[in-house]
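# Reading the structure
Chain by chain, the residues run as shown.
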Amino acid sequence: MNEPTVQRHWLAIVAPKAAPALATTTVLALARIWNANGAEHSVGNAVLMAALSIGAAAAGACASVGRAGDSTIAGTAFAASGALAFAGVAGYADGLPLPLLLWSVATAGAYGLAARYWRKDRRERVTYERHASERREERAHVERVETLRATTQIEVARTGAAYAEQLAQALVTRAALPGFDPKALEAAGLPELPAARGDR
C-alpha cells in the first residue's frame, strides 16, 4: 500500500517558472545581434518580420476559430506572432530603451498567460492527489477490516480446537478414573458417551 515518494530536483521545479523570462530574453538577445548585423533601419527586414508576424497571427486565428479548434495550436501561433513582432521591433529600433520596454511587456504577458496554465495544472494535481489519497484510505480501511475479520476467525478456530482438545482429554481422563459409571451421567441428563454406546 505504501507508494514511493519522488523528490524532484530543484532545477526541475524552477525551470518551468523561468521559461517565460528565458524565452523573451533569448528573443531580445537574438534581435539585438540581428540589429548589430545590419537589421537597423532595414525596410526589407522589417517587412519580412511584419509578414511573418501577421502570418503567425492568422494561423492562430484559423486554429482557434475552426470547428475543432485546438487551443494549444492557437496559443502557440499567437505566441510565435508576438515573438516575431517583438524581434522585428527590437531588431529594427535604434537604441535599447524601446526593446527593453517591449521585453518587459512581453515577459509580463508571458507570465500572465503561464500563470493561468500553472493554476490549472495545480488544481488538477491537487484533485488527483486528493482522489488518490481517498482511494488509499478506503483500501487501507478495507484491509484493516479484512485483517480483523481474518484474525477473529483464526482466534475462534484456535479457541474451538483448544476447547475440543481439552474436552477430549477430560473425557479420556474421566473414563480412566476408577468407579466411572456412564449410566450415572445419563441419569443426570448428560449426553451419552460414545464409549458407553459401544459397551452397550
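Residues numbered from 1 in each chain as written. Predicted model: local features only at pLDDT ≥ 70, side-chain atom pairs only at ≥ 80, totals over all residues. Heavy atoms only, no water.

### Remarks on the packing of helix H1 (residues 10–39) against helix H3 (residues 71–92)
Operational definition: Helix axes are fitted only over the stretch in contact, all axes being lines through C-alpha atoms; the angle between N-to-C directions runs from 0 to 180 degrees. The secondary structure listing takes helices from DSSP runs of H or I that are at least 4 residues long and strands from runs of E that are at least 2 residues long, numbered from the N terminus. Here is the rule for angles: anything less than 35 degrees is roughly parallel, anything more than 145 is roughly antiparallel, 65 through 115 is roughly perpendicular, and the remaining ranges are oblique. A clockwise turn of the near helix away from the far one marks a right-handed crossing, whereas an anticlockwise turn of less than a right angle marks a left-handed crossing. Residue contacts follow a heavy-atom distance rule, with two residues in contact if any of their heavy atoms lie within 4.5 Å. Here the term charged refers only to Asp, Glu, Lys and Arg, the term nonpolar to Ala, Val, Leu, Ile, Met, Phe, Trp, Tyr, Cys and Pro, and the term polar to all other amino acids, Gly among them.
Where H1 meets H3, the closest approach of the two axes is 7 Å, and the angle between their N-to-C directions is 40 degrees. Our classification of the angle between H1 and H3 gives oblique. The handedness of the crossing between H1 and H3 comes out as right-handed. Residues Thr24, Val27, Leu28, Ala31, Arg32, Trp34, Asn35 and Ala39 of H1 touch H3, and the partners they reach there are Ala83, Phe86, Ala87, Gly88, Ala90, Gly91 and Tyr92. In the contact of H1 with H3, the residues fall into ten nonpolar, four polar and one charged.

### Some thoughts on the layout of surface pockets
Here is the rule: A cavity here means a set of points on a 1 Å grid, drawn over the protein atoms and nothing else, where a 1.4 Å probe fits but cannot get out; a pocket is an open set with protein on both sides within 12 Å along at least five of seven lines, and a residue lines either one if it has an atom within 4 Å of a point. Grid points are joined across faces, edges and corners, and a volume is the space filled by probe spheres set on the points.
By volume, the largest pocket is sized at about 830 Å³. In terms of lining, the largest pocket is formed by 24 residues, of which the most central are Gly75, Ala79, Gly109, Ala110 and Leu113. Contributions of two or more residues to the lining of the largest pocket are made by H1, H3 and helix H4 (97–176). In terms of residues, the lining of the largest pocket owes the most to one element, H4, which gives ten residues. For the lining of the largest pocket, the class distribution of residues is 16 nonpolar, seven polar and one charged.

### Observations regarding the confidence of the model for the protein
To keep it simple, the criterion reads: pLDDT: the predictor's confidence for each residue, scored from 0 to 100.
On average, the protein scores 79 in pLDDT, and the residues at 70 or more come to 88%. Looking across the protein, the model is least confident in helix H6 (residues 194–199), with a mean pLDDT of 51, and most confident in H4, with 88. Per-residue pLDDT stays below 50 along residues 196–200; that stretch engages in five contacts with residues further than four places along the chain or on separate chains.

### Concerning the pattern of salt bridges
Just so we agree on the cut-off: Salt bridges are identified by distance alone: a Lys or Arg side-chain nitrogen within 4 Å of an Asp or Glu carboxyl oxygen. For every residue, the accessible area (1.4 Å probe, protein chains only) is compared with the maximum for its type, and the residue is labelled buried under 20%, exposed over 50%, or partly exposed between those bounds.
With the rule as written, the count across this model stands at two salt bridges. In this structure, the salt-bridge partner of Arg149 is Glu146, at a minimum N-O distance of 2.8 Å. With Arg149 and Glu146 both in helix H4 and three residues apart, the pair spans about one turn of that helix. Its relative accessible area of 42% is what places Arg149 among the partly exposed residues. Here Glu155 makes a salt bridge to Arg158, at a shortest N to O gap of 3.0 Å. Here Glu155 and its partner Arg158 are both found in helix H4, three residues apart, which amounts to about one turn of the helix. When its relative accessible area of 38% is taken as the criterion, Glu155 is described as partly exposed.

### A short note on the environment of Ala29
Here Ala29 shows up in helix H1. Looking at Ala29, the relative accessible area reads 39%, which means it is partly exposed.

### Observations regarding the side chain of Asn35
With respect to the element layout, Asn35 can be found in helix H1. Each residue touching Asn35, except ones within four places of it in the same chain, is listed here: Glu40, Ala90, Gly91, Tyr92 and Ala93.

### Remarks on helix H2 (residues 43–65)
Under the convention used in this document: Each helix should span, by expectation, one fewer than its residue count multiplied by 1.5 Å.
Taking 1.5 Å per residue, 23 residues should reach 33 Å; H2 reaches 32 Å between its end C-alpha atoms and fits that length. Regarding H2, the residues found buried are Met49, Ser53, Ala56, Gly60 and Ala63. Looking at the buried side of H2, the elements it contacts are H1 and H3.

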